[in-house]
Amino acid sequence: MTAEIISTGAFVPEKTVTNDDLSGIMDTNDEWIRTRTGIGERHIADEEFPNDEKAFVLALKACERALNNASEKAKTEKTASFKDRSDIDMIIVGTSTPDFSFPATACRLQEALGIENAAAFDISLACTGFIAALSTADAYIRAGVYKNILVVGVDVLSRLIDWSDRGTAVLFGDGAGAAVVSASDSESGVIKTVLHSAGSGAKALYSKSMYFNEDEKAGMSMDGKKVYDFAVRKTPEVIREAVESINCDDVKYYVLHQANIRIIEAVSKRLKEPMEKFPHNIGRYGNTSAASIPIMLDELEREGRLKKGDLICLAGFGAGLAYGAVLLKF
Ligand code: ACO
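Residues numbered from 1 in each chain as written. Predicted model: local features only at pLDDT ≥ 70, side-chain atom pairs only at ≥ 80, totals over all residues. Heavy atoms only, no water.

A look at the site of the ligand
Consideration 1: For the ligand, the set of nearby residues contains 25 residues, the closest of which are Thr28, Arg36, Cys127, Lys225 and Asn260.
Consideration 2: With respect to the ligand, the side chain of Arg166 contributes an N or O atom lying 3.0 Å from an oxygen atom.
Consideration 3: Arg262 places a side-chain nitrogen or oxygen 3.2 Å from an oxygen atom of the ligand.
Consideration 4: In the complex, the protein chains occlude 74% of the 1,000 Å² of accessible area that the ligand would expose alone.
Consideration 5: Those elements giving two or more residues to the shell around the ligand turn out to be helix 2 (30-37), helix 6 (166-169), helix 7 (224-242) and helix 8 (261-271).
Consideration 6: The element best represented in the shell around the ligand is helix 7, accounting for four residues.
Consideration 7: Looking at side-chain class alone, the shell around the ligand contains 13 nonpolar, seven polar and five charged residues.
Consideration 8: Both domains that furnish three or more residues to the shell around the ligand are identified here as domain 1 (2-186) and domain 2 (190-329). (Near = heavy atom within 4 Å. Polar contact = N/O pair within 3.5 Å; in protein donor to acceptor, adjacent residues only side chain to side chain. Areas by Shrake-Rupley, 256 points an atom, 1.4 Å probe, with all protein chains shown as cover. Helix = DSSP H or I, 4+ residues; strand = E, 2+ residues; numbered from the N terminus. Nonpolar A, V, L, I, M, F, W, Y, C, P; charged D, E, K, R; others polar. Domains from an automatic or database assignment.)

This is the structure in structure tokens:
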């Protein structure tokens, strides 16, 4: 029995903030941001979203899309376990920017999606949140405990941003992505998951509070160089660990957390794998933390770039410092 991703869905807020917009409010410019990060614009959940509903609404819209896509697929393809959303027996949300400390975002989604009695909880692992949630879903399905799991990555990092700190403010955007993961006896599904944490790097990237607080300046704190060096060193390592049982030539895409185009290029170089295998959309979204991998996956799926049987390696890294990878057959 394997855990197969049978559908994806994603959602980003409509409002975009361009590099030029940012250069109007802080000492930065389009050229610096593009050459250092690859980012051109990002989507921000502005006042259109009530503050206590930002993560919830973004996630809800991504989940609706993933569930509708799964239901459509179930009509035409034989998906072993999933017929409609009432089959979902667990919801796992990777997020480090929930609207509330509790209840879990997953519990609010459960009610709003009308999925009764499913287990529901959040996982907090910053930019590695979706990888951790997918790994957990894989373990539950492999163990035979649950059959259909809604796996979500959502983050609203704009709520942690100090808009006077150009070193971090230009990097992040808001968004959500989701995947329906089902027990399958086909060839498709997760092949291997790997998760690691170097807790000793916790001071390199942290937030003491859930919201940026102007008086206490208690938003995000990041040592960009340390995180960069860590990502460039550890991401190839964890990918090698995930793909050790197969030939790298057979991997169609490495879907990396979208933090910085230079990190993606460095990983491509270290793995000696061409950039064509590393799809990226950071230019349009910035770093959306736990949402970046499922947003990228959904884009590949919608553009018809994923075919049944394709080998894909997902890899995330971020605060913790945590990092992980999932090798799967689509
Ligand atoms: N615009 C213009 N200049 C800037 C900006 C800006 N937005 N930000 C910094 N600078 C200046 C600095 O002040 C510095 O000036 P100085 O030389 O006069 O001191 C100069 O540009 C160079 O700054 P560096 O910090 O050395 O720039 P670097 O090339 O290291 O790039 C960056 C910084 C983009 C943050 C990079 O280090 C990086 O991508 N790090 C990884 C971040 C990351 O991946 N985070 C992901 C995890 S997020 C999570 O888990 C929630």
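A few points about the pattern of salt bridges
Consideration 1: Within this structure, the stated rule accounts for 17 salt bridges.
Consideration 2: Between Arg34 and Asp30 there is a salt bridge, with the nearest N and O atoms lying 3.0 Å from each other. Of this pair, Arg34 and Asp30 are both found in helix 2, four residues apart, which corresponds to roughly one turn of the helix.
Consideration 3: Linked through salt bridges whose partners overlap, the residues forming this network are Asp99, Arg108 and Arg159. (Salt bridge = Lys/Arg side-chain N within 4 Å of Asp/Glu carboxyl O.)

Things to note about the domain arrangement of the chain
Consideration 1: Splitting the chain by domain gives domain 1 (2-186) and domain 2 (190-329).
Consideration 2: Here the C-alpha centroids of domain 1 and domain 2 sit 15 Å apart.
Consideration 3: Listed as interface residues are 56 residues of domain 1 and, on the opposing side, 46 residues of domain 2.
Consideration 4: Buried surface at the junction of domain 1 and domain 2, summed over both partners, amounts to about 4,000 Å²; 62% is from carbon and sulfur atoms.
Consideration 5: Looking at the side of domain 1 facing domain 2, the largest losses of area belong to Cys127, Ile131 and Leu160, adding up to 16% of the total buried there.
Consideration 6: There are two salt bridges connecting domain 1 and domain 2.
Consideration 7: A salt bridge links Glu301 to Lys73; the shortest N-O distance between them is 3.8 Å.
Consideration 8: One can count 17 residue pairs in polar contact (both at pLDDT 80 or more) joining domain 1 with domain 2. (Contact = heavy atoms within 4.5 Å. Buried area = accessible area lost by both parts, 1.4 Å probe.)

Points about a positive patch on the surface
Consideration 1: The grouping of Arg233, Arg240, Arg270 and Lys272 at the surface amounts to a positive patch.
Consideration 2: Inspection of the secondary structure assignment puts Arg240 in helix 7. (Patch = residues over 30% accessible without salt bridge, like charges linked within 9 Å, V, L, I, M, F, W, Y side chains within 5 Å. Lys, Arg positive; Asp, Glu negative; His and termini not counted. Charge placed at Lys NZ, Arg CZ, Asp CG, Glu CD.)

Thoughts on the side chain of Ser268
Consideration 1: Within the secondary structure, Ser268 sits in helix 8.
Consideration 2: A relative accessible area of 6% places Ser268 in the buried class.
Consideration 3: Here the side chain of Ser268 touches Glu273 through a polar contact of 2.8 Å, landing on its backbone oxygen.
Consideration 4: Not counting residues up to four positions away in its chain, the partners in contact with Ser268 are Glu273, Pro274, Met275 and Phe278. (Buried < 20%, exposed > 50% of the residue type's maximum accessible area, 1.4 Å probe, protein only.)

Description of the packing of aromatic side chains
Consideration 1: Under the definition given, this model contains three aromatic pairs.
Consideration 2: Measuring from ring centre to ring centre gives 5.3 Å for Tyr140 and Tyr146, while their planes differ by 55°; the resulting arrangement is tilted.
Consideration 3: For Tyr140, a relative accessible area of 29% translates into the label partly exposed.
Consideration 4: Here Tyr146 falls in the partly exposed class, since its relative accessible area comes to 23%. (Phe/Tyr/Trp six-rings, centres within 6.5 Å; stacked < 30°, edge-to-face > 60°.)

Concerning the environment of Ile92
Consideration 1: Mapped onto the elements of the fold, Ile92 is located in strand 4 (residues 90-94).
Consideration 2: Sequence spacing of Ile92 and Ala119 is 27 residues, and the spatial spacing of their C-alpha atoms is 8.4 Å.
Consideration 3: In this view, Ile92 contacts Phe121, Ile123, Ala133, Thr136, Ala137, Ile149, Leu150, Val151 and Val152; residues no more than four positions away in its chain are not counted.

Some points on unusual backbone geometry
Consideration 1: The amide bond that connects Phe102 to the next residue, Pro103, takes the cis arrangement and shows omega of 5°.
Consideration 2: By secondary structure assignment, the location of Pro103 is in the loop between strand 4 and helix 4 (105-113).
Consideration 3: With an omega of -10°, the peptide bond running from Gly320 to Leu321 counts as cis.
Consideration 4: Mapped onto the elements, Leu321 comes out in the loop between strand 12 (311-318) and strand 13 (322-329).
Consideration 5: The backbone phi angle of Ala126 is positive, close to 45°, even though this residue is not glycine.
Consideration 6: Looking at where Ala126 falls in the secondary structure, it is placed in the loop between strand 5 (119-123) and helix 5 (129-142).

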